[in-house]
Amino acid sequence: MTTHIPFDFMEQFMIDVFKGIGVPEDDAKTCADVLVTSDKRGIDSHGIGRLKPIYYDRIVHQKIQRPTTEFEIVRDHLATAVVDGHHGMGMVVAKRCMQMAIDKAKKYGMGMVVARNSTHYGIAGYYPLMACQQDMIGLSGTNARPSIAPTFGVENMLGTNPLCFGLPSDEPYDFVNDYATSVIQRGKIEQYAREGKDCPEGVVIGRDGKSLTDSKQILAELVSGNAALAPIGGIAEETGGHKGYGFATVTEILSASLQQGAFLKQLIGFDEAGNRAPYKLGHFFMAIDIAAFCDPADFRKTTGDILRALRASEKAPGAERIYTCGEKEYLAGIERKDTGVPVNEALQKDMVAMRDELGLDYRFVFE
Ligand SMILES: NC(=O)c1ccc[n+]([C@@H]2O[C@H](COP(=O)([O-])OP(=O)(O)OC[C@H]3O[C@@H](n4cnc5c(N)ncnc54)[C@H](O)[C@@H]3O)[C@@H](O)[C@H]2O)c1
């Protein structure tokens, strides 16, 4: 049965797990903050559900990620920088890169920082939101394990490559289009698998060109390369699949070409001998200081006017409301404030396993 765990409790548990596997305290707080922010925003695919498979197991069992993060600035030129994360904690690398981009934007109007040899950085939206809080436009993207097939292809070539903009508005929530460039992303398939649900038709393609729906099978087939995700717009040109394919490719290029690191199939997570190996991910972060263009309050007002006009436009028959990006996450935050994080049985097992392996002194409500 699904139970709810208060955010403070969950965040402290995450911090203790990260510390327990060797992540220094301040870094553990950063990593836990990125994960719990995802849970607070209702993005269940990237919160506590990711702690064991994506971070704990990769550090403890697969040994392909380092708990300590060596943040090496390999190039620093006025408004730009290149960072090497040396397979440390992706969230730590990412937060520091975004902060660097913001600091550079304060000085030069714009800042851009790219990272190589990083690891999974969680929700892309976390980083542009840091810029919004400073009256700046934020942009971030990352490459990821190959999953998306190009239009007219069946081979998993591109990562689910989120490409996220954060645009400040005068509303209680900023505009953040925080999503993968595939129709559906791995985290959501993992979530479906945990919940025993199938994926919808037409979003995953097999080598024979036919749609796959069994979530567990898809996760295995994605690793073996026998399944691929459709880019935004789907597999067909008629539905604009080539447009999502284009944006996934833009994200791959910006994540890899400036930092001269790994890309596409080089991010498979296995070496030539078939052993697990670091993912060598690349990310990019941009901050644009609105004050260099106009009064930030005016920018916020115009952006808010645009978003309000969109939401006030005529609705489709049967539709209750029109949303703008970032709104559902804001509403989820309000709804979950007093209830906390939903934790299903599969996640409960993960939490117990990590606690027991680390010998942490926790007793959970679901026990
Ligand atoms: N680090 C990685 O490698 C990686 C890879 C892929 C995805 N992700 C993350 O996974 C998370 C979920 O991605 P996803 O692709 O499943 O996102 P999604 O399909 O759930 O879309 C979420 C986004 O769409 C907006 N949205 C939802 N419904 C809307 C509506 N009706 N009208 C207007 N806007 C609407 C939301 O506000 C949000 O910005 C994101 O946080 C993303 O950054 C990370």
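Residues numbered from 1 in each chain as written. Predicted model: local features only at pLDDT ≥ 70, side-chain atom pairs only at ≥ 80, totals over all residues.

1. Comments concerning the sheet that holds strand β4 (residues 110-118)
1) Next: Ordered in space as β2-β3-β4-β10-β5-β6-β7, the seven strands form an open sheet in which the pairing is mixed. Looking along the sheet, the strands with just one partner apiece sit at the ends: β2 (72-77) and β7 (175-176).
2) Next: In this structure, β2 lies alongside strand β3 (residues 80-84), joined through five bridges in antiparallel fashion. Directly across from Arg75, in β3, lies its bridge partner Val82.
3) Next: Across the sheet, helix α4 (residues 90-108) lies against β3, β4, β5 (136-142) and β10 (281-289), angled at about 160 degrees from β4, the strand it touches most. (Pairing = 2+ DSSP bridges. Helix = DSSP H or I, 4+ residues; strand = E, 2+ residues; numbered from the N terminus. Contact = placed C-beta atoms within 7 Å. Axes fitted to C-alpha atoms, helices over the stretch in contact; angles between N-to-C directions.)

2. A closer look at unusual backbone geometry
1) Next: One non-glycine residue, Lys63, lies in positive phi territory at about 55 degrees.
2) Next: The class of Lys63 is exposed, set by 12 C-beta atoms lying within 10 Å.
3) Next: One non-glycine residue, Asp135, lies in positive phi territory at about 60 degrees.
4) Next: The topology assignment puts Asp135 in the loop between α5 (126-132) and β5.
5) Next: Residue Asp135 is classed as partly exposed on the basis of its 15 C-beta neighbours within 10 Å. (Buried ≥ 20, exposed ≤ 12 C-beta atoms within 10 Å, placed from the backbone.)

3. What to know about the pairing of strand β6 (residues 163-167)
1) Next: Counting buried residues along β6, five of its five residues qualify, which places the element largely inside the surrounding structure.
2) Next: By the bridge criterion, two bridges tie β6 to β7 in an arrangement that is antiparallel. The residue of β7 that forms the bridge with Leu167 is Phe175.

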